[in-house]
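# Coordinate analysis (summary)
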Amino acid sequence: MSDITAISRFSDLANPTRFLAFSARLIPWLAAITTILFAIGLYLSFTTEGDYQQGDTVRIMYIHVPAAWLSMMCYTIMSMSAIGTLVWRHPLADVAGKTAAPLGAAFTLIALVTGSLWGKPMWGTYWVWDARLTSVFILFLMYLGLIALNRAMDDPSKAARVASILTLVGFINIPIIKFSVDWWNTLHQSESIMRLDGPAIDAEFLWPLFTMALAFTLLFFTLHLMAIRNEIWRRRIATQRRMAARMASRED
Amino acid sequence: MTALLLRDLRLSVRAGGGALIGILFFLTVVAIIPFAVGPDLKLLSRIGPAIVWIGALLASLLGLDRLFQAERDDGSLDLLVMQETPLVLTVFIKCAAHWVATGLPLVIASPLLGLFMNMNETAIAATALTLLVGSPALTFIGAVGAAVAVALPRGGLLVSILVLPLTIPVLIFGVSATYAAVEGPQPFLPPFLILIALTLFFAVLGPAAAALALRNTTD
């Protein structure tokens, strides 16, 4: 019995009104935890010692790596909601996919900019055409293309379905980004955290990094929920305007 | 299906010489490069294969928005969507016709442009060969963009923006196979086989995604 109620509770969230009520309760908590995590994470990242080789510039990592992680996670979430849009015609999936694109573009831009600022002192150049940089840059272009496509169409549900197809086709890029540092041995350092034999970096850097990563993730979810709410309200207003216009034309 | 193939071919040949415009654009793009980088023959022969590939890529984007647009305008796209043959197959045939009409002429024209770029025989042959197996992939990827943008009033530019990022792997392996054949210490075969694999992969994925997009935009 409890299983059934749990499932029905979860699917209740597909109803936009219930979702609005649920997210209204959730967002303050998420925002509060995000703030606390950022406070701890930033404190840790500024107080722990610098790297013996890289000095203070290693602190860029605490912004750069979480942003890069999120740029990929956001695209994965968009692909999942694309499946939700195409297969189940879930009413919230297309809203989620549409509102995630600008967030993903922003995080990708942060990752690219901080990476280039980090690259100048470390590699002696702001930009090289190595495999990871190039594939992340392509990811950025795809986010912008998806935003442009969504904006170019009037009908939101049609735009969502078409954008979902393109999102799924572009998902090929995500594994390429993930494994680019292992497949092509270029300037970017290879994977040092998610490894089978355990993380290759010191615990001293790992803790601030994990805290910041968690903070970034929660920041994403907070912003994403807020964006979804905005989009739902925006569509409701558009519908009501249309209804009002129809009523007005009927009265004439 | 053969009828559709022939019809599309005939249409593209008669409607304003699509193939000719593609080749002309290709020629212009490649001819502009020496003006920009200077008439240094050594440099040109070094970057030649890459230039020819980029020219072919841009030229193959040129007619893409017309892949489904004309059918949509005269209403026959709805018939294609509703007929009994699977839409994926129809899209595949249309892509094949589009490639024969616009991609194949580019491949045939590429040796001439290779001469302009002061490339030697091996480089010319390798470029033509990689273009032959690589350019269908460009058409199949482009079909997704064309199908996505078919509902837009002026989708032409958007198609290029959406499609270009996806074509980058094809470009990378096409050019690297050519360089491997010309000078490289690396063998020619691995990138060439990957290029073939990309074409086959997109021959499956492209029409399927394009058919899905067409179904969603026409209802």
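Residues numbered from 1 in each chain as written. Chains lettered and ligands numbered in written order. Predicted model: local features only at pLDDT ≥ 70, side-chain atom pairs only at ≥ 80, totals over all residues. Heavy atoms only, no water.

## Looking at the overall build of chain B
If you tally the helices and strands in chain B, you get 9 helices and 0 strands. Element order for chain B, N to C, with α for helix and β for strand: α-α-α-α-α-α-α-α-α. Taken along its principal axes, the extent of the C-alpha atoms in chain B is 55 × 35 × 30 Å. Residue burial in chain B is summarised as follows: out of 219 residues, 50% are buried. A fraction of 81% describes how many contacts in chain B between residues 6 or more apart in sequence connect residues 24 or more apart. Taken as a whole, chain B presents about 10,000 Å² of accessible surface, with 74% of it coming from carbon and sulfur. Here chain B carries 10 positive and 11 negative side-chain charges, and the mean point of each set is 3 Å from the other. (Helix = DSSP H or I, 4+ residues; strand = E, 2+ residues; numbered from the N terminus. Buried < 20%, exposed > 50% of the residue type's maximum accessible area, 1.4 Å probe, protein only. Contact = heavy atoms within 4.5 Å. Areas by Shrake-Rupley, 256 points an atom, 1.4 Å probe, with all protein chains shown as cover. Lys, Arg positive; Asp, Glu negative; His and termini not counted. Charge placed at Lys NZ, Arg CZ, Asp CG, Glu CD.)

## Describing the overall build of chain A
If you tally the helices and strands in chain A, you get 8 helices and 0 strands. Order of helices (α) and strands (β) in chain A, N terminus to C terminus: α-α-α-α-α-α-α-α. By residue count, 45% of the 252 residues in chain A fall in the buried class. Long-range pairs, those at least 24 residues apart, make up 77% of the contacts in chain A with a sequence separation of at least 6. Total accessible area on chain A stands at roughly 14,000 Å², and carbon and sulfur atoms take up 67% of it.

## Observations regarding the packing of helix α4 (residues 91-123) of chain A against helix α5 (residues 131-152) of chain A
Residue and element names in this part refer to chain A. Direction vectors running N to C along α4 and α5 enclose 150°, while the axes themselves pass 9 Å from each other. Comparing the axis directions of α4 and α5 gives the class roughly antiparallel. Between α4 and α5 lies a crossing of left-handed hand. Residue-level contacts link K98, A101, P102, G104, A105, T108, L109, L112 and W123 of α4 to L133, V136, F137, L139, F140, Y143, L144, I147 and N150 of α5. (Axes fitted to C-alpha atoms, helices over the stretch in contact; angles between N-to-C directions. Parallel < 35°, antiparallel > 145°, perpendicular 65-115°, else oblique. Left-handed = near helix turned anticlockwise from the far one by under 90°.)

## Details of the packing of helix α3 (residues 61-88) of chain A against helix α6 (residues 156-170) of chain A
Helices that pack against each other are described as a pair by the angle of their axes relative to one another and the distance between those axes. Residue and element names in this part refer to chain A. Where α3 meets α6, the closest approach of the two axes is 9 Å, and the angle between their N-to-C directions is 130°. Judged by the angle between their axes, α3 and α6 are oblique. For the pair α3 and α6, the sense of crossing is left-handed. In contact with Y75, M78, S79, A82, I83, T85 and L86 of α3, α6 contributes A160, R161, S164, I165, L166, T167, L168 and G170. When the residues that make up the contact of α3 with α6 are grouped by side-chain class, the tally is 9 nonpolar, 5 polar and 1 charged. (Nonpolar A, V, L, I, M, F, W, Y, C, P; charged D, E, K, R; others polar.)

## Quick notes on the UniProt feature "transmembrane region" (unreviewed entry) in chain A
Residue and element names in this part refer to chain A. Per the UniProt record, "transmembrane region" (unreviewed entry) is found at residues 26-46, 66-88, 100-119, 131-150, 162-185 and 205-227. Between the end C-alpha atoms of residues 26-46 the distance is 30 Å, and the span holds 100% helix and 0% strand. Each end of residues 131-150 is marked by a C-alpha atom, and these two atoms are 29 Å apart; helix forms 100% of the span and strand 0%. (UniProt positions renumbered as here; feature names shortened; annotations may be inferred.)

## Some points on the interface of chain B and chain A
The interface is formed by 17 residues belonging to chain B together with 19 residues belonging to chain A. When the area that chain B buries against chain A is broken down by residue, the three leading residues are V148, L166 and N216 of chain B, summing to 28%. For the interface between chain B and chain A, the tally reads 0 salt bridges. The interface formed by chain B and chain A contains 0 residue pairs in polar contact (both at pLDDT 80 or more). Counting residues per element, the ones that place at least two in the side of chain B that touches chain A are α7 (121-148), α8 (156-182) and α9 (189-218) of chain B. (Buried area = accessible area lost by both parts, 1.4 Å probe. Salt bridge = Lys/Arg side-chain N within 4 Å of Asp/Glu carboxyl O. Polar contact = N/O pair within 3.5 Å; in protein donor to acceptor, adjacent residues only side chain to side chain.)

## A short note on the confidence of the model for chain B
Close inspection of predicted coordinates is inappropriate in any region flagged by low pLDDT. All names here are of chain B. Per-residue confidence for chain B gives a mean pLDDT of 80, with 92% of residues at or over 70. Ranking the elements of chain B by mean pLDDT puts helix α1 (residues 2-14) last with 70 and α7 first with 86. ipTM for the predicted complex: 0.72, alongside a pTM of 0.79. (pLDDT = per-residue confidence, 0-100.)

## Describing the UniProt feature "transmembrane region" (unreviewed entry) in chain B
UniProt records the feature "transmembrane region" (unreviewed entry) for residues 12-37, 43-64, 85-108, 128-150, 157-182 and 188-214 of chain B in the present numbering. Note that residues 157-182 of chain B is 100% helix and 0% strand, and that its end C-alpha atoms are spaced 35 Å apart.

## A closer look at the environment of L164 of chain B
Residue and element names in this part refer to chain B. Within the secondary structure layout, L164 lies in helix α8. We classify L164 as partly exposed; its relative accessible area is 30%. Taking C-alpha positions, L164 is 29 Å from D40, a pair spaced 124 residues apart along the chain. Those residues in contact with L164 that sit more than four places away from it in its chain are L57 and L61.

## Thoughts on the nonpolar core
Among the nonpolar cores identified, the biggest contains 117 residues, and L149 of chain A together with F26, F68, V91, V148, V170 and L214 of chain B are the most heavily contacted of them. Of all the elements, α7 of chain B adds the most residues to this core, at 13 residues. If we ignore the near neighbours within four places in the chain, the residues touching V148 of chain B are L149, M153, V162 and L166 of chain A together with L162, A213 and T217 of chain B. (Core = buried A, V, L, I, M, F, W, Y, C linked by side-chain atoms within 4.5 Å.)

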